[in-house]
Amino acid sequence: MEAESKTTQSIALNDYEKKMMRFKGGISACNLFQCDNKEAAIAFIHERFQQIVYANPWLKGSCSKGKKHKIYLNFDSSDTDATPLVFSGHAPSSINENSSYTDIINVCEPHMVEQAFKLYHKKNRLTKLTILHLDNQRFLLIFSLSHLIADGHTFYQIFNMLSSQNEIYGLNVVRKNEFLQAKDFIPKRHFKFTRSPGLIFWFITKILFSRKKVQVKSFELNQKYVQQQKKQAKEGGVVPFVSTNDILSSTYAQLSDSNAMMMAINFRNRIPALTDKDAGNYEDILVIDKERSSTKEKIRILINDLKNEEPKIKIPKGRAVLKSNPVFITNWAGFSKPVIIDNTHSLMHLPLYTTKQIMYDLCVVYSPRADVVSALLFMKGLDEDKVNSHPLFKKS
C-alpha cells in the first residue's frame, strides 16, 4: 500500500496487533482533578494535548484492512489539529475519589474508544480525550487510545506528556520486525496456551454460561509488608532482589489458586532494537504455572530469564485448558507518572475497564496517587475475604 501524498502515511501493523487486538477495546484511564482556577487548568490541557498531537499526528489516524489480512494505520502527518479528538461534558457532582468503580465506569464508559474491529476506515476514532465537569473546582480527565495501535507502555508515553513536568516528543510509529524475536524469549508452550482453541472455547463458555457478575475493588498495598518481603528475599540469597510486582504476582496467583497466571510482558529493551520511544504493541503474554508462582523468588527468576524451564513447566494443554483457572495480571504502575498541572491537585488516577467484557479474574497494578501503589481487582472467582485477610493489602 503506497502513500497517497508526501504527507500521507500507511503503516502496516505487526502480526500481534493483527491477530490479538481485533476485539480489544481502548486502553483508558481517568484522573480526577481539583483546582482553584478550573478554566486555566483545562486550557492548559487543551494546549498541551495540541502539542502532543502535533508531535504525534498518528493519533488522528484511522485503520484499514489490506490484502493478505494486513491492517494499516493511515494518517496525514500535516494534519495536526487536535480539536476532533477532544470532547467535553458534565458528570454528577457526587462523583469523587471514594465513588464505587461501577459509578465511575458508568460515567466514563461512553467516552472510551470502541473495540478495534468497529473502527476500521473511521477517522478520528482511535484517540479520545474528554473533560467532564463535576462542579466549580473539580473535573474528570478521560484519555482513551485504541489497543489496536498501542499497548500500555505507548498509552502512558502519551498520557504522561500531559504533565507540565514531562517533555513532549514524537514516538516512532513504524513497526519493527525485530519484535518477531519475542518468540525466542518465551517458550513455545506459552504461545500455544494463549492462542489455543481450548482457551478460546473456555472464553466462549464463560461468555455464554457465566452469570456471575464481576466485583471490582481497589486494595492499597501495605508498603511495610512489601519492604519486609524484599528484605527477606535479599537475606535469603536465592535472588539479588525481588520487586513489588513479584510479591504481588505470587500472592495473587496463590489467592486465586490459579494454575495459569497470565502476565503481560513488555519487550522494549529486552529486544535491543525496541526502545521506549517505539509506539505500538510490543508485548506478549507469559503464562506462569503453580510451581513458578508459588514464591516471589521463583517469579523473579522467571522474569529474569523467560526461557527458564527448570523445573518443567506445567501449563494446562489440550482438554485440561477447559478445566484450568486462568487469571491475568498487568502492571500499569511501572509506566504511569503523576500528571502535574500548576495550582491543580490530582485526587485520583484510575484505569478504566468495561466490566462486561471481563471473563476471568484480573489484577491491575496502578498508582492512584503519587507514591501509592494499589491493586485493582476484578473478581469473578477470587474470594474478597481472602484478600482482606492477607497482610499485603491495607485494611480499608
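Thresholds applied
Residues numbered from 1 in each chain as written. Predicted model: local features only at pLDDT ≥ 70, side-chain atom pairs only at ≥ 80, totals over all residues. Heavy atoms only, no water. Core = buried A, V, L, I, M, F, W, Y, C linked by side-chain atoms within 4.5 Å. Buried < 20%, exposed > 50% of the residue type's maximum accessible area, 1.4 Å probe, protein only. Contact = heavy atoms within 4.5 Å. Helix = DSSP H or I, 4+ residues; strand = E, 2+ residues; numbered from the N terminus. Expected span 1.5 Å × (residues − 1). Arc of directions from axis to C-beta. Phe/Tyr/Trp six-rings, centres within 6.5 Å; stacked < 30°, edge-to-face > 60°. Lys NZ or Arg CZ within 6 Å of the ring centre and 35° of its normal. Pairing = 2+ DSSP bridges. Axes fitted to C-alpha atoms, helices over the stretch in contact; angles between N-to-C directions. 1 Å grid on protein atoms, 1.4 Å probe; cavity = no way out; pocket = protein on both sides within 12 Å on 5 of 7 lines; lining within 4 Å. Points joined across faces, edges and corners; volume = space filled by probe spheres on them. Nonpolar A, V, L, I, M, F, W, Y, C, P; charged D, E, K, R; others polar. Salt bridge = Lys/Arg side-chain N within 4 Å of Asp/Glu carboxyl O.

Asker: What should I look at first to understand the nonpolar core in this one?
Answerer: Looking at soluble globular proteins, one finds that nonpolar side chains tend to be buried together. Trp58, Leu73, Leu140, Ile149 and Leu352 are the most contacted members of the largest nonpolar core, which has 127 residues in total. When sequence neighbours within four positions are dropped, the list of residues in contact with Leu73 reads Gln9, Ser10, Ile11, Leu13, Trp58, Gly61, Ser62, Cys63, Leu126, Ile149 and Val173.

Asker: For this particular structure, what's the right way to read helix H6 (residues 197-209)?
Answerer: Note: α-helices contain 3.6 residues per turn, so residues at a spacing of three or four share the same orientation. Here H6 spans 18 Å end to end across 13 residues, near enough to the 18 Å set by a 1.5 Å rise per residue. Those residues of H6 lying buried are Gly198, Leu199 and Trp202. Looking straight down H6, one finds its buried side chains confined to an arc of 100°; they lie on one side. Facing away from the buried side of H6 by more than 90 degrees, the exposed set consists of Pro197 and Ile207. Looking at the packing, one finds that the buried side of H6 touches helix H5 (188-194), strand E9 (260-266) and strand E11 (326-331).

Asker: Help me out: how do you make sense of the packing of aromatic side chains in this one?
Answerer: Two measures describe an aromatic ring pair: the distance that separates the ring centres and the angle between the ring planes. In total, this model carries 21 aromatic pairs according to the counting rule given. Ring centres of Tyr101 and Phe378 lie 5.5 Å apart, and the angle between their planes is 90°; this geometry places the pair in the edge-to-face category. Taken together, the positions of Tyr101 in helix H3 (residues 101-108) and Phe378 in strand E14 (residues 374-379) put the pair 277 residues apart, joining distant regions of the chain. An angle of 85° between the planes, with centres 6.0 Å apart, marks the rings of Tyr156 and Phe159 as edge-to-face. You can see Tyr156 and its partner Phe159 sitting in helix H4 (residues 152-159), three residues apart, about one turn around the helix. Neither Tyr156 nor Phe159 differs from the other in exposure class; each is buried. Through a chain of ring-to-ring contacts, three or more aromatic side chains come together here, namely Phe49, Tyr101, Phe143, Phe155, Tyr156, Phe159, Trp332, Tyr353 and Phe378. The cationic tip of Lys128 hangs over the ring face of Phe87; the distance from NZ or CZ to the ring centre is 5.2 Å. Lys277 extends its terminal NZ or CZ atom over the ring of Tyr169, reaching a point 4.5 Å from the ring centre.

Asker: Help me out: how do you make sense of the sheet that holds strand E10 (residues 283-288) in this one?
Answerer: Hydrogen bonding along the main chain pairs the strands of a sheet, whether they run parallel or antiparallel. If you walk across this open sheet you meet the six strands as E8-E14-E13-E11-E9-E10, and the pairing is mixed. Each of the sheet's edge strands pairs with one partner strand only, and the pair in question is strand E8 (215-220) and E10. Averaged over all pairs of adjacent strands, the angle between strand axes in this sheet comes to 20°, irrespective of strand direction. Of the strand pairs in this sheet, E9 and E10 are connected by six bridges, and their pairing is antiparallel. When the bridges of E10 are listed, Ile265 appears paired with Asp284. Contacting E9, E11, strand E13 (362-366) and E14, helix H8 (residues 244-256) crosses the sheet at an angle of about 160° to E11. Helix H9 (residues 296-304) rests against E9 and E10 of the sheet, and its axis sits at about 140° to E10.

Asker: Sorry, what's going on with the layout of surface pockets here?
Answerer: To find leftover empty space, one rolls a probe the size of a water molecule over the atoms. Of the pockets and cavities examined, the second largest pocket occupies roughly 600 Å³. Taken together, 27 residues line the second largest pocket, and the ones lying closest to its centre are Asp15, Tyr16, Phe179, Leu180 and Lys183. Counting only elements with at least two residues in the lining of the second largest pocket, the list comes to helix H1 (15-20) and H5. When the residues that make up the lining of the second largest pocket are grouped by side-chain class, the tally is eleven nonpolar, two polar and 14 charged.

Asker: Sorry, what's going on with the pattern of salt bridges here?
Answerer: Oppositely charged side chains can form a pair if their charged atoms are brought close together. Counted by the stated rule, this structure contains 18 salt bridges. The salt bridge partner of Arg125 is Glu114, with a shortest N-O separation of 2.3 Å. Taken together, the residues Arg125 in the loop between H3 and strand E6 (127-133) and Glu114 in the loop between H3 and E6 connect sequence positions eleven residues apart. On the basis of relative accessible area, Arg125 is assigned to the partly exposed category, the value being 31%. By relative accessible area, which is 33% here, Glu114 ends up partly exposed.

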